[in-house]
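Each chain, written out:
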Amino acid sequence: MDVPPTEWPIHMEISKHEGPLIQNLNDAMAVVIQKIAESGDLAAGEELLTVSASLAEVFLSIVTRDIDYTYAMNLEQHMWKQCFYKPIEALRSVSNSLQQNAHLFRSLLTQFIQQGLDFYIGLLNNKYEVTFGFLIDEFLYWPAALPGDDFMACARVGCGAHEADDRSLKVAVLSAQRLAVSIGDLHRYNAVEYQDDEKLTLEASHEVVRKGELLPIAIWIVARLANAGNIP
C-alpha cells in the first residue's frame, strides 16, 4: 500500500516550517474578513490585500518544492481558496451592498483581481517554466491564435499541443493546468457580464468531470472569455 502524502517527509517539513505561518495568516484573514462583513471597514479591506499577498508568497515558496506532493495534496486548489477565493467573495459582498463606500470596495476588488492575475502569471512564467524547464506555450492547444466557439475542437487529435514524456514534467504540466483554471476564474470575476461567464465556467467544469481532460478546458474557458471581449 502506498504511503499517503500526509506521511511524506516533505509534508512533515512543511508542517514544521511553513505550517504555523500559514495558520497565523489564515487566522488574520478570518479576522479581517469578519471586520469587513460587520462594519464595511475600508482599512480592513486594504489589510486583506496585504494578508492575502503574504499568504500567497508562502504558497509560492512551497508549490514547486516537490511537484508530486503539490499535485497529490491539491495545493493549487488550497492556494486558490485560501489566498484568493475567500478574499474575493468578501470584497464582492460589500462592493455589491448598499453601503456608502461600496464603490471603494469595488475598486479594491478590481485591484485585488489584478494582484491575483499578476501572481499566477508570475508563478507560471517565473517558477514553473524555470523550475521544470518547459514553456507553457508548448502545451497550449492554440499557441498562435484563439479558437472559435467549438468546444470539441479543443480535444481534437493532432491539434499541435506537446505531450510531456518525463514523469515529473508531466505532473508539473498537470499542476499548471490547475493554475490555468484559477486564471480563468480571476478573469471571470473581472468580467462585466458575470452571470453569463459563470454559466460558461460551469458548463466547462461539467466537461472536465465527464472527459477527464483539464488543460483543454482551462484554455477553452480563458479563450472563450477573451473572444467575448471580457479579457483586456
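Residues numbered from 1 in each chain as written. Predicted model: local features only at pLDDT ≥ 70, side-chain atom pairs only at ≥ 80, totals over all residues. Heavy atoms only, no water.

## Things to note about the overall build of the chain
At step 1: Secondary structure assignment for the chain yields nine helices and zero strands.
At step 2: Put simply, the chain runs from its N terminus to its C terminus through helices and strands in the order α-α-α-α-α-α-α-α-α.
At step 3: For the chain, the residues scored as buried account for 45% of the 232 residues in total.
At step 4: Within the chain, counting contacts between residues at least 6 apart in sequence, those at least 24 apart form 74% of the total.
At step 5: Element-wise, carbon and sulfur atoms account for 54% of the exposed surface of the chain, whose accessible area totals about 12,200 Å². (Helix = DSSP H or I, 4+ residues; strand = E, 2+ residues; numbered from the N terminus. Buried < 20%, exposed > 50% of the residue type's maximum accessible area, 1.4 Å probe, protein only. Contact = heavy atoms within 4.5 Å. Areas by Shrake-Rupley, 256 points an atom, 1.4 Å probe, with all protein chains shown as cover.)

## Re the nonpolar core
Proteins that are soluble and globular tend to have nonpolar side chains buried together.
At step 1: Ranked by internal contacts, the top residues of the largest apolar core, which has 51 residues, are Met79, Tyr120 and Leu123.
At step 2: Ranked by the residues each element gives to this core, the list is headed by helix H6 (residues 102–132), at 11 residues.
At step 3: Ignoring anything within four residues of it in the chain, the contact list for Tyr120 reads Glu76, Met79, Trp80, Phe84, Leu179, Ser182, Ile183 and Leu186. (Core = buried A, V, L, I, M, F, W, Y, C linked by side-chain atoms within 4.5 Å.)

## Structural notes on helix H7 (residues 167–190)
At step 1: Relative to the 34 Å expected for 24 residues at 1.5 Å per residue, H7 spans 35 Å between its end C-alpha atoms, a close match to the ideal helical length.
At step 2: H7 sits mainly inside the fold: 17 of its 24 residues count as buried.
At step 3: The N-terminus of H7 is capped by Asp166, whose side-chain oxygen sits 3.0 Å from the backbone nitrogen of Ser168. (Expected span 1.5 Å × (residues − 1). Polar contact = N/O pair within 3.5 Å; in protein donor to acceptor, adjacent residues only side chain to side chain.)

## A look at the packing of helix H3 (residues 42–60) against H6
When two helices pack together, their arrangement is captured by the angle between the axes and the distance separating the axes.
At step 1: The N-to-C vectors of H3 and H6 enclose an angle of 10 degrees; their axes lie 10 Å apart at closest approach. As judged from the angle between their axes, H3 and H6 are roughly parallel. Contacts from Leu42, Gly45, Glu46, Leu49, Ser52, Ala53, Ala56 and Leu60 of H3 reach H6 at Leu104, Phe105, Leu108, Gln111, Phe112, Gln115, Phe119, Leu123 and Lys127.
At step 2: Among the residues forming the contact of H3 with H6, the class breakdown is 11 nonpolar, four polar and two charged. (Axes fitted to C-alpha atoms, helices over the stretch in contact; angles between N-to-C directions. Parallel < 35°, antiparallel > 145°, perpendicular 65-115°, else oblique. Nonpolar A, V, L, I, M, F, W, Y, C, P; charged D, E, K, R; others polar.)

## With respect to helix H2 (residues 19–39)
At step 1: Its 21 residues give H2 an end-to-end C-alpha distance of 30 Å, which sits within 8% of 30 Å, the value for a rise of 1.5 Å per residue.
At step 2: Buried within H2 we find Ile22, Leu25, Asn26, Met29, Val32 and Ile36. Buried residues of H2 fall within an arc of 130 degrees about the axis and therefore sit on the same side. Exposed residues lying more than 90 degrees from the buried face of H2 are Asn24 and Glu38. (Arc of directions from axis to C-beta.)

## So, the pattern of salt bridges
At step 1: The tally for this structure, following the rule as stated, stands at six salt bridges.
At step 2: Glu13 is paired through a salt bridge with Arg65; the nearest N and O atoms lie 3.2 Å apart. Taken together, the residues span a long stretch of sequence, with Glu13 in helix H1 (residues 9–17) and Arg65 in the loop between H3 and helix H4 (67–73) at a distance of 52 residues.
At step 3: Owing to a relative accessible area of 33%, Arg65 belongs among the partly exposed residues under this scheme. (Salt bridge = Lys/Arg side-chain N within 4 Å of Asp/Glu carboxyl O.)

## Let's talk about the environment of Ala53
At step 1: Here Ala53 shows up in helix H3.
At step 2: Look at Ala53 and you get partly exposed, because its relative accessible area is 31%.
At step 3: Considering only alpha carbons, one finds Ala53 and Gln115, 62 residues apart in sequence, at a separation of 8.2 Å.

## Let's talk about unusual backbone geometry
At step 1: The backbone phi angle of Asn74 is positive, close to 55 degrees, even though this residue is not glycine.
At step 2: Residue class for Asn74 comes out partly exposed when judged on its relative accessible area of 28%.

## Topic: the side chain of Ser182
At step 1: Assignment of secondary structure puts Ser182 in helix H7.
At step 2: A residue is classified by how much of its surface remains accessible, and Ser182, at 3% relative accessible area, is buried.
At step 3: Those residues in contact with Ser182 that lie beyond four places of it in its chain are Trp80 and Tyr120.

Note that every value here comes from positions in space, so none of it alone points to a role or purpose.
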